Amino acid sequence: MVEPADRPSTAGQRLGATESFGVSTLEPGLRPPAQAPGRQVSIRVQMLDDTQEVFQISQRSPGKLLFDLVCVHLNLVEGDYFGLEYQDQRKMTVWLDLLKPTLKQLRRPKNTILRFVVKFFPPDHTQLTEELTQYLFALQIKRDLACGRLICNDTSAALMVSHIIQSEIGDFDETQSWQHLLHNKYLPDQDAIRDKITDCHRKHVGQTPAESDYQLLEIARRLEMYGVRLHPAKDREGTKLSLSVAHTGVLVFQGYTKINAFNWSKIRKLSFKRKRFLIKLRADPSNAHHDTLEFAMASRDCCKIFWKICVEYHAFFRLFEEPKPKPKPILFTRGSSFRFSGRTQKQIIDYVKDSEVKKVPFERKHSKILSGGSMSPQSSSFRSQSQVPKESAMSVPLADQPDSARLGHQAEFNGSEEPVGATSPANGSHDMQAAPGSDLAQSRQNHHVAGSEPEQQLLNPGSPGSEDSPLGSPFVIVNGNGSVNGQGMGGTGVLGPGHSPEGGQLSPLTSPLLTDAGYVRNEDEDEARRKKFPTDKAYFIAKELLTTERTYLKDLQVITKSFQDVVGKDEAFPDFINNLISTSYDPLYKFHQGFLKEVEQRLGQWEGRSNAHIKGDYQRIGDVLLKNIQGLRQLTIHLQKHSECLVELERACRSSRKVEALCREFEQQRVCYLPFNIFLLRPLHRLLHYKLILERLCKHYPPTHDDFRDSRAALADISEMVLELQGTMMKMENFQKLLELKKDLTGIDNLAIPRREFIRLGCLSKLSGKGLQQRMFFLFSDSLVYTSRGMTPTNQFKVHGQLPLYGMTISESEEEWGVPHSFTLFGQRQSVVVAASCASEMERWVEDIRMAIDLAEQSSSPHTDLLSTSLSDNKLLEDGGGEQESEEELCGSRSSLERQGYRGNTTVHVCWHRNTSVSMVDFSVAVENQLSGNLLRKFKNSNGWQKLWVVFTNFSLFFYKSHQDDYPLASLPLLGYSVTVPSESENIHKDYVFKLHFKSHVYYFRSESEYTFERWMEVIRSATCSASRSLPSTRKDLY
C-alpha cells in the first residue's frame, strides 16, 4: 500500500505550483486536469508521427491545459522540451502561449491545426532520460531532414537516413531497403545518395530502434543547423542575414553559415522597437562590437515572435526555476508582461532524477520490427483510442533486457514455497537461454520465495525499454551483474518490474532490492531466542569474527574453486598463472577452513550448546586467534605472492584477447559479485580485519581478564604481519584501482603505469559554450582526466580531455562566473571552469587537486599523455565541432564495447548518478570497514521483518538468503545514502534499529545487540561520509 502522502499528485502540485494544470509531469494513467465550465471546443493537434488527434477543451481554458492533455495522451514526462505551434491569421508560425486562453489565440479553431513539435533542443541528447522523448526527438530530426531545414553534407545525411531506416524496417535486406527508399522520402535530393544510404544501412545489423534513435541524435547534435529555426533579418548595412536562438545564446547566420554568436553571458538585454530587434551587450573593452547591435526584421510582429522565443530559450536553459510573474501595475503598464511558463531544463532533470516515474511501453508507428510482447493491460486500456507513437517494452532484444524480463524466479523463506507466475511480458520467461548463467532449473532449485504474494520479487533490475536512461531506471545491482541503465542484469529476480514493495515505482539508484514478500518472523520467538544468548561484548566481537570469516572463506572459494573450474577447462589460459594462483591461494583456503571450524565450535560452546560451560573455559576467543595467527605466519610466503598473481594475470590479459575474454566472462557470473581483482587482494585485507577485531577485544578486556594475554599476544603478531605487508598492500590497492578504472574508460592507452597513483574520481559540472555539463573527473598524481558517460551497452566513460597537473594553478571563481561552488583550473595548454554539487564536495576536490599538483611538481617527468587521441580531437568532440562523422567513428566504440560485455554497476557509475565523488582514501577505509551478519529488514510501509544475511563491502550492501548461499540475491550501493536512527513518529518500537534513506526511499534494519548495531552504523557511515578528514596518517601514506 502507498501512504496517502506518497500517492501521485498532479503536475502542478509536484512542482509546488498553486494551480493544478501545470503540465507535462502527469504520470501515465492519471486523469487530466479539470476543465473549466463552459462549452466544449474540439482542437486538432498533429503529432510528430503525422497522426492527428482531437482534444476537447472548454472555451476559457488556458493553453497550458491543452498542452497538458497532449502530454497525458502521449504519457510524456519530459514534455517541457516540446510545444504547440500553429499559423495565425497573418500566416506566421507562432507558439501557443500556455498562459493565455487558447481560443483567444486561435481565431478559427475549427480550421486550425496545431502541431506538436520540439521547441527546445538541448545540446546533449543524453540529457533526455526517457526513451519516448528520444524517439520523439528522432521524429523531429526526420521531419527537419525531409523538409530541408536540417542542412548537412551528403555523408551525414546518408548516415542519419540509414539509422532512420534501421529503426523502421530493421536489419539490411537489399530488396526491402531499396523498396523502402523508393516509397519514402527522407531527403529532398534522396535519389542522389541512395547508394550511400544503403551502404551505411548494411553496417547497422543488430541495432535496435532505441539504439538507432540514439545514433541519429548523436550525429544530428553535431551539425551546425541542429535545432536552428531561421528568422530573416538585415543588419545596419542592409545585408540579408538570419537570426536564430539556441541554448548558448543568439546566433547570426548568412545563408546557412553561422557568422556570429552572442552568448547569454555576454548579453545584457534583448528588446525590440517596431521592426528593429536590439541586442545590448555587456561592457567589454576587448569586444570589437558596439554596445548595442541592431537588426531590422520584416515587421514588428516578426520581432516580437523572435523576442519571445529568445526569452523562453534563456529561461529554459539558464534559469534554475520558472520565473515568477511580475506584480500587476496600479496605474499603467510599461513593457511586455510575457514570461516563460513551464519547467526549466534543470527542473526537468531534477524531477526525473528524484521522482518515481512509471515506465509505460509505447509503440513506434513507422517501425515494422515485431515486438516480443504486447503492452500491459493497463496501458492498453488507457491507450485504446490512441495512435500516438509508443514503443513496446519488448521491442528491444532479449539480451538487452533485465533478467526479470527473461527469468521467473522463486525464493524460499520459512520452508514454504509457491510458484512464481508471469502475469505480464515484463517478467515473463521469453528465452531461458538468452542470459548467461541464468539457468531456470538451477534458479528454482536455489531460490524459492514463499508467502501470500507469489508475484513479489526480490529485486527490480529496471524497466524494460529504458536502457538509455541513466535516470529513468532503478539502479539495482544483481549478483554483481546489474546495470545502471537497466541492461544486462545477470542475477536472479524476484518485485514486479518497476515497482517497490510500497506500491510505487523504484527511482534511479535507490531500488531496495529484497521485498517484504513471504517471510515474516515471529518476533516473540526471536526475542526469546535472543535472551538465551550471552550479553558480553566479547561474545559479539567473537561473533563478528565468525560472520566475517564465513564471508572471507566464500570469497576465497571464488578463486580456488569457481575461477579454477573455469580457467582449468580452457587451454588458452596459461598454465603457469593457473599454477601460481593455485599454489598461492589453496593453502590459505584449507587453513581458513580449519580456522572457521574452530571459531564455530568455540561460539557454540560460548552459547551453551554443549557441556563445555561446566568447565568455565569457553567464554574466550583470544586463544583461538593466537593459535591460528601463529599458524598464518607460516603462510606469509603465500601472501607475498598475491601481488605477483595480480600482475601476471594482468599481463596475460594484455597479451591475449582470449585470456581477457575468459576473465571478463567469469566476472559476469553471479558468484563473482565484485571485480575479480578485489578477490585476489582479499587475504591481505583480511589481516587488517583481524587486527581491528583484536584491538577492540583488547580495549574491552581488563588486564586481569583470562583472555587478555592471549589477545594481546595475537594482536602483536598480526600487527607485525600487517606492518611487513602494508607497503605491498597499498601498492596493490592502487594498481588494482587503476586496472578497474581502465575498464570503465575508453580513449586511454595505458592507465596503470609505474609511479601513477589514483587520488579521486567523481562528478563535476564543466562550464563550456553549452553551459554547465555533467562530467566525470578522474584525478591522478600526474593528470586530471574528464569524461562523459557513453550511452552504450557497456556504459563506459568516453574521455574528452586531459589536464596535466605539472604547472597547473587553481582558484575559486564563484563570483566571476556566478556559478555556485565553482573553481577554475589553469593548465599550461587550457583552462577549465568546473562546479561541484556542494561546498564540502568542492573543498575535497580543491584539497586533493592541490595535493596532486604538489606531487606532479615533485616528479621528474612534467607530463605523461594518457589519451589515445590528441587533445584537439577530444576537445572537438566535446564542443560539437566537426560536422562530418564516419559510421566507424560513431559506432566503432559501441560495437567493440558490446563485445566486451562489461558491467555498468561500478563505483564510477554510482558516483555519476548520485553526483558525488570518492577518493583513494575512501577506498582504503572501505577495505578496513567490512562486515557480515544477519539483519532483519523492513520497508517503510510493510508490517513484518525479514531475516537476511547481509554483507557490507565496496560501498555496498549485498543481500543473501543465508550465509551458505554462493552468490547474493541483490545489492544496494550506499554512496549518497544517510544512516540515522528512526524517530518516534515512524513507530518503529524495536531496539537496535537503524534507518537507511536516500531521497524518498527508506529502509529499516534491525540488529541483534547494541554492539552489532553500533558496528553496522559505523561501517555504513564510512561509506556514506567522506573519510579524508579523519584518516590515520598510515593510510595517507598511499599518496
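Residues numbered from 1 in each chain as written. Predicted model: local features only at pLDDT ≥ 70, side-chain atom pairs only at ≥ 80, totals over all residues. Heavy atoms only, no water.

Observations regarding the overall build of the protein chain
Okay, step 1: Summing up its helical and strand segments, the protein chain has 30 helices and 28 strands in all.
Okay, step 2: Every one of the 1039 residues in the protein chain was classed for burial, and the buried ones make up 58%.
Okay, step 3: A total of about 43100 Å² of accessible surface is found on the protein chain, and carbon and sulfur atoms cover 49% of it. (Helix = DSSP H or I, 4+ residues; strand = E, 2+ residues; numbered from the N terminus. Buried < 20%, exposed > 50% of the residue type's maximum accessible area, 1.4 Å probe, protein only. Areas by Shrake-Rupley, 256 points an atom, 1.4 Å probe, with all protein chains shown as cover.)

Side note on the sheet that holds strand β27 (residues 993-998)
Okay, step 1: Reading across from one edge, β25-β24-β23-β22-β28-β27-β26 is the order of the 7 strands in this open sheet, with antiparallel pairing throughout. Both outer strands of the open sheet, β25 (970-973) and β26 (978-980), are each paired with one neighbouring strand and no more. Here the average twist between neighbouring strands, direction ignored, is 35°.
Okay, step 2: In terms of strand pairing, strand β24 (residues 956-960) meets β25 through 4 bridges, oriented antiparallel. (Pairing = 2+ DSSP bridges. Axes fitted to C-alpha atoms, helices over the stretch in contact; angles between N-to-C directions.)

What about the packing of helix α16 (residues 622-633) against helix α21 (residues 682-700)?
Okay, step 1: It is at 13 Å that the axes of α16 and α21 come closest, and there the two elements cross at 155°. By the angle class used here, α16 and α21 are roughly antiparallel. Crossing hand, α16 versus α21: left-handed. Taken together, the residues of α21 that come into contact with α16 (itself represented by Leu625, Ile629 and Leu632) are Leu687, Tyr690, Leu694 and Leu697.
Okay, step 2: Along the lines of polarity and charge, the residues of the contact of α16 with α21 split into 7 nonpolar, no polar and no charged. (Parallel < 35°, antiparallel > 145°, perpendicular 65-115°, else oblique. Left-handed = near helix turned anticlockwise from the far one by under 90°. Contact = heavy atoms within 4.5 Å. Nonpolar A, V, L, I, M, F, W, Y, C, P; charged D, E, K, R; others polar.)

Description of helix α27 (residues 907-914)
Okay, step 1: Of all the 8 residues making up α27, 8 are buried; the element is thus mostly covered by neighbouring parts of the structure.
Okay, step 2: Listed as buried for α27 are Thr907, Val908, His909, Val910, Cys911, Trp912, His913 and Arg914.
Okay, step 3: Of the residues trailing α27, Asn915 is marked for its positive phi of about 55°.

Describing the side chain of Ser932
Okay, step 1: The residue Ser932 is located in strand β22 (residues 931-939) in this model.
Okay, step 2: Ser932 gets classed as buried once you look at its relative accessible area, which sits at 7%.
Okay, step 3: Side chain to side chain, Ser932 and Thr551 meet in a polar contact 2.6 Å long.
Okay, step 4: Apart from the residues within four sequence positions on either side, Ser932 is in contact with Thr547, Thr548, Thr551, Trp949, Val950, Val951 and Trp1016. (Polar contact = N/O pair within 3.5 Å; in protein donor to acceptor, adjacent residues only side chain to side chain.)

Some words on α21
Okay, step 1: The end-to-end C-alpha distance of α21, which contains 19 residues, comes to 27 Å, matching closely the 27 Å that a straight helix rising 1.5 Å per residue would cover.
Okay, step 2: Of all 19 residues that make up α21, 14 are buried, and the element is covered over most of its length. (Expected span 1.5 Å × (residues − 1).)

Quick notes on the pattern of salt bridges
Okay, step 1: A complete count under the given rule lists 42 salt bridges for this structure.
Okay, step 2: Measuring nitrogen to oxygen at the nearest pair gives 3.9 Å for the salt bridge that ties Asp565 to Lys561. With Asp565 and Lys561 both in helix α14 (residues 537-568), this residue pair falls 4 residues apart, about one helical turn.
Okay, step 3: Given a relative accessible area of 39%, Asp565 falls into the partly exposed group.
Okay, step 4: Lys561 sits in the partly exposed class, given a relative accessible area of 45%. (Salt bridge = Lys/Arg side-chain N within 4 Å of Asp/Glu carboxyl O.)

With respect to the pairing of strand β3 (residues 82-87)
Okay, step 1: The element β3 is largely enclosed, with a buried count of 5 among its 6 residues.
Okay, step 2: Pairing between β3 and strand β5 (residues 113-118): 4 bridges, direction antiparallel. Within β5, the position partnered with Phe82 by the bridge is Val118.
Okay, step 3: Bridge count for β3 against strand β4 (residues 93-95) is 3 bridges, and the pairing is antiparallel. When the sheet's bridge partners are listed, Tyr86 is paired in β4 with Val94.

Examining the sheet that holds strand β1 (residues 40-46)
Okay, step 1: In space, the 5 strands of this open sheet follow the order β2-β1-β5-β3-β4, with mixed pairing throughout. Looking along the sheet, the strands with just one partner apiece sit at the ends: β2 (52-58) and β4. Each adjacent strand pair in this sheet contributes to an overall mean axis angle of 40°, direction not counted.
Okay, step 2: The sheet contact formed by β1 and β2 spans 7 bridges and is antiparallel. Among the inter-strand pairings, Arg44 is bridged to a residue of β2, identified as Val54.
Okay, step 3: Those strands touched by helix α4 (residues 131-146) are β1, β3 and β5, and its axis lies near 110° from that of β5.

Re the packing of aromatic side chains
Okay, step 1: The tally for this structure, following the rule as stated, stands at 35 aromatic pairs.
Okay, step 2: Between the aromatic rings of Tyr673 and Phe679, the centroid separation amounts to 5.5 Å while the plane-to-plane angle is 85°, which identifies the pairing as edge-to-face. Both residues of the pair, Tyr673 and Phe679, belong to the buried class.
Okay, step 3: Measuring from ring centre to ring centre gives 6.5 Å for Phe777 and Trp845, while their planes differ by 75°; the resulting arrangement is edge-to-face. In this pair, Phe777 sits in strand β15 (residues 771-780) while Trp845 sits in helix α24 (residues 839-858), placing the two residues 68 residues apart along the sequence. For the residue pair Phe777 and Trp845, the accessibility class agrees, reading buried in each case.
Okay, step 4: Each member of the aromatic cluster is reached from another via a ring pair, and the members are Phe67, Tyr81, Phe82, Phe116, Phe120, Phe121, Phe137, Tyr226, Tyr313, Phe316 and Phe317. (Phe/Tyr/Trp six-rings, centres within 6.5 Å; stacked < 30°, edge-to-face > 60°.)

Side note on the environment of Asn734
Okay, step 1: Tracing the sequence through the fold places Asn734 in helix α22 (residues 708-744).
Okay, step 2: Judged by relative accessible area, Asn734 falls into the buried class, the value being 8%.
Okay, step 3: Considering only alpha carbons, one finds Asn734 and Met920, 186 residues apart in sequence, at a separation of 7.9 Å.

As for the packing of helix α18 (residues 642-655) against α22
Okay, step 1: The N-to-C vectors of α18 and α22 enclose an angle of 25°; their axes lie 10 Å apart at closest approach. In terms of orientation, α18 and α22 fall into the roughly parallel class. Between α18 and α22 lies a crossing whose hand is left-handed. Across from Ser643, Leu646, Val647, Glu650 and Arg654 in α18, the residues of α22 making contact are Thr728, Met732, Phe735, Gln736, Leu739 and Lys742.
Okay, step 2: Residues of the contact of α18 with α22, tallied by class, amount to 5 nonpolar, 3 polar and 3 charged.

Overview of the environment of Ser985
Okay, step 1: Here Ser985 is to be found in the loop between β26 and β27.
Okay, step 2: Ser985 gets classed as exposed once you look at its relative accessible area, which sits at 62%.
Okay, step 3: Among the polar contacts made by the side chain of Ser985, one reaches the side chain of Ser983 at a distance of 3.0 Å.

Some remarks on the environment of Val360
Okay, step 1: As for its position among the elements, Val360 is in the loop between α10 (345-354) and α11 (377-382).
Okay, step 2: Looking at Val360, the relative accessible area reads 24%, which means it is partly exposed.
Okay, step 3: Each C-alpha atom of the pair Val360 and Leu76 lies 9.4 Å from the other, and the pair is 284 residues apart in sequence.

Some thoughts on unusual backbone geometry
Okay, step 1: Phi is positive for His821, which is not a glycine, with a value near 55°.
Okay, step 2: Note that His821 resides in the loop between α23 (814-817) and β19 (822-826).
Okay, step 3: Positive phi is not limited to glycine here, since Tyr992 has a value of about 60°.
Okay, step 4: In this structure, Tyr992 sits in the loop between β26 and β27.
Okay, step 5: According to the relative accessible area criterion, Tyr992 is partly exposed, its value standing at 30%.

Brief notes about the pairing of β19
Okay, step 1: Burial runs high along β19: 4 of the 5 residues are buried.
Okay, step 2: Taken together, the 4 bridges between strand β18 (residues 809-812) and β19 define a ladder with antiparallel strand orientation. Along β19, the bridge assignment pairs Thr809 with Phe826.
Okay, step 3: Bridge count between β19 and strand β20 (residues 831-835): 5 bridges; the pairing is antiparallel. Its bridge partner lying in β20, Phe823 is registered against Val834.
Okay, step 4: In textbook terms, the turn of a hairpin is the stretch between consecutive antiparallel strands, and for β19 and β20 this stretch comprises 4 residues.

By themselves, these observations are geometric and do not establish any function.
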